[in-house]
Amino acid sequence: SSRLSSITDADALHFAKILSSPTSVLSTLPSISTPPEELDIYNNDWMGKYRGKATTVLKPKTTQEVSEIVKWCNDRRIGIVPQGGNTGLVGGSVPLRDEVILSLSNMTQVRSFDPVSGILVADAGCILQSLTDYVAPHNHIMPLDLGAKGSCQIGGNVSTNAGGLRLLRYGSLHGSVLGLEVVLPDGTILDQLNTLRKDNTGYDLKQLFIGAEGTLGIITGVSILTPPAPQASNNVILALPRFENVLPLYKTVKRQLSEILSAFEFIDRTAYDLAVKHGQGRALSEEEVEGAECFVLVETSGGRREHDEEKLNDLLESLLEADEPLINTGVLAQNPAQFSSLWALREGVTEAVSKEGKAYKYDISVPLSTFKECVDRTREQLRSKGLLNEDQVKAVIGYGHVGDGNLHLNVIAKAYTPEIQNALEPFVYELVASHRGSVSAEHGIGAMKTHALHYSKDETSIAWMRKIKAIFDPNGIMNPGKVLE
Ligand code: FAD
Ligand code: 2HG
Ligand code: ZN
């Protein structure tokens, strides 16, 4: 990336010519002279952990404009960081140096929706929540949902292959994305915006861009299959006396709820207390949480309310009446407000963590039976280094998507420091590798984990990733330094 050029005044003027609206170029260079603080929100990541030095942010409105910008950057060897809602948690969406930021936030048109097939085609910059709102009157939902829904964009979701809270039911974006429109690093527009469920005509190129984190091209359009909205949804929060009960509980819940089970989310006690402390929804009374080591949020989505409620009530009854109950208590949402409040608590953990301090986030896939061990051993590691105290590491928490084998291990510190970082890495990655897990289950590699990729991918795989990168982006202009070092 040292071969990349910085943007000059002449470049900025050229970009201003390409873009239809003058407000689509922000630049601190003399020809545009935007006040530097206006670029702060683009240069800083959501966690306040990564900070770029971009002088210029471009906000094209059309695929053609994106193509012209990219072509110019490729000819001039200017690095580009594609940016969606900037909610990524691995430092992928901000520059490492002074690359230009290409924000998709002005590309917000829905291109088409077929209410029969449920196939939605939209600009990459559409915010996830706005797409949910768009399909709702047609009785459809988006196949993914996550806490960042109010700011993240569908293009960012696809680029990170975001998992989220519905993956258990609707699968990953590798299945629900039917087509993409991508501006390749030389400016060519790759039009694979299919609306076909079935298409076995050779290599499925679009799959390469799902989870590529902007290193192979810029996604400008997305075709995605939206499922019919469930006729009835409900949820329940279960308080467990011991972590060891999570596994048998998951088995029981799967068997009893079968086709109506749509989420099974885990929150440990520390994470729960933190979410409550920071006002992320309310779930249980003081008595109900007493003696609970962890919590599980179960959601059902089905076709007939009475049928689903009967199943859920039967489940609760059998859990509470067992000889050795797996749960202490369970609280069923009684109305839409309570349903939302239970979800708010789970979705709000990330927000609560950021209110509490600076987070080191490890988004790992490990066997479900080792979730607690991973959290406990990390806490022990910090304790043994003398770092577990109010002035350094305040808390170590675990939560995540049980059904997907995905644990979010968060270490909450007062500040980011080299001591804490060195105590955590490679410790956590080695722990993950010892379980043959993944160092990134759903957030991606970004800038944070390029050096850790080898814990989850062998040399041959990484070598082929490099070859693919070199074919698409021989000049290395696309999100330099991300995913691959
Ligand atoms: P950004 O953060 O802007 O970008 C992410 C990456 O994609 C960057 O590398 C960027 O360069 C690239 N990119 C963005 N747009 C494009 C494009 N159009 N073309 C090419 N590359 C592009 N993730 C989960 O998987 N599951 C969760 O449950 C989840 N919950 C979250 C909750 C909160 C509160 C927050 C803050 C984050 C959460 N995330 C979750 C992280 C997740 O990665 C993002 O929220 C989301 O998918 C990123 O979308 P974005 O538009 O913000 O992308
Ligand atoms: C979630 O599942 C997100 O809530 C965010 O993936 C996880 O902040 C995190 O570590
Ligand atoms: Zn998650």
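This structure is a prediction, so every number in the text was calculated from the model and none was measured. (Residues numbered from 1 in each chain as written. Chains lettered and ligands numbered in written order. Predicted model: local features only at pLDDT ≥ 70, side-chain atom pairs only at ≥ 80, totals over all residues. Heavy atoms only, no water.)

Caption draft 1: Representation of the site of ligand 2 within the structure. If you check the shell around ligand 2, you find L89, R346, T350, K361, Y399, H401, H408, N410, E442 and H443 and nothing else. At 3.0 Å, a side-chain N or O of H408 approaches an oxygen atom of ligand 2. Taking H443, its side chain carries an N or O atom lying 2.7 Å from an oxygen atom of ligand 2. For ligand 2, whose accessible area on its own is 300 Å², the fraction buried by protein is 88%. At the level of secondary structure, the elements contributing two or more residues to the shell around ligand 2 comprise β15 (393-401) and β16 (406-413). Along the lines of polarity and charge, the residues of the shell around ligand 2 split into 2 nonpolar, 5 polar and 3 charged. (Near = heavy atom within 4 Å. Polar contact = N/O pair within 3.5 Å; in protein donor to acceptor, adjacent residues only side chain to side chain. Areas by Shrake-Rupley, 256 points an atom, 1.4 Å probe, with all protein chains shown as cover. Helix = DSSP H or I, 4+ residues; strand = E, 2+ residues; numbered from the N terminus. Nonpolar A, V, L, I, M, F, W, Y, C, P; charged D, E, K, R; others polar.)

Caption draft 2: The arrangement of the coordination of the zinc ion (ligand 3) in detail. At the metal site, the zinc ion (ligand 3) is ligated by H401 (NE2), H408 (NE2) and E442 (OE), and these contacts range over 1.8 to 2.1 Å. In the primary structure, the donors to the zinc ion (ligand 3) are separated according to the pattern H-x6-H-x33-E. With H401 in strand β15 and E442 in the loop between α17 (427-434) and α18 (459-472), the pair connects residues that are 41 residues apart, well separated along the chain. Each member of the pair, H401 as well as E442, is classed as buried. (Donors = N, O, S within 2.8 Å, 3.2 Å for Na, K, Ca; no water. Buried < 20%, exposed > 50% of the residue type's maximum accessible area, 1.4 Å probe, protein only.)

Caption draft 3: Representation of the pairing of β16 within the structure. Counting buried residues along β16, 8 of its 8 residues qualify, which places the element largely inside the surrounding structure. The side-chain alternation of β16 yields two buried faces, one formed by N406, H408, N410 and I412 and the other by L407, L409, V411 and A413. Relative to β16, β15 is paired through 8 bridges, and the arrangement is antiparallel. Across the sheet, the residue bridging to I397 is N410, located in β16. Hairpin connection of β15 to β16: 4 residues between the antiparallel strands, including G405 at a positive phi of 65 degrees. (Pairing = 2+ DSSP bridges.)

Caption draft 4: Structural view of the packing of aromatic side chains. This structure, assessed with the given rule, holds 9 aromatic pairs. Ring geometry for Y360 versus Y416: centroids 5.3 Å apart, planes at 85 degrees, classification edge-to-face. Of this pair, Y360 sits in strand β14 (residues 358-365) while Y416 sits in the loop between β16 and α16 (418-424), placing them 56 residues apart in sequence. Ring-pair connections join several aromatic residues into one group, and the members of that group are F243, F266 and F371. The ring of Y170 carries the charged tip of R169 above its face, separated from the ring centre by 5.9 Å. Its guanidinium or amino end placed over the ring of W464, K467 lies 3.9 Å from that ring's centre, counting from NZ or CZ. (Phe/Tyr/Trp six-rings, centres within 6.5 Å; stacked < 30°, edge-to-face > 60°. Lys NZ or Arg CZ within 6 Å of the ring centre and 35° of its normal.)

Caption draft 5: Spotlight on helix α10 (residues 269-277). Residues of α10 that are buried include every one of A271, Y272, L274 and A275, and no others. Looking straight down α10, one finds that the buried residues subtend no more than 165 degrees of arc, so they occupy a single side. Between the side-chain oxygen at the start of α10 and the backbone nitrogen of T270 there is a gap of 3.3 Å, and the oxygen is on D268. Where α10 ends, the next residue or the one after it, G279, has phi of about 70 degrees, a positive value. (Arc of directions from axis to C-beta.)

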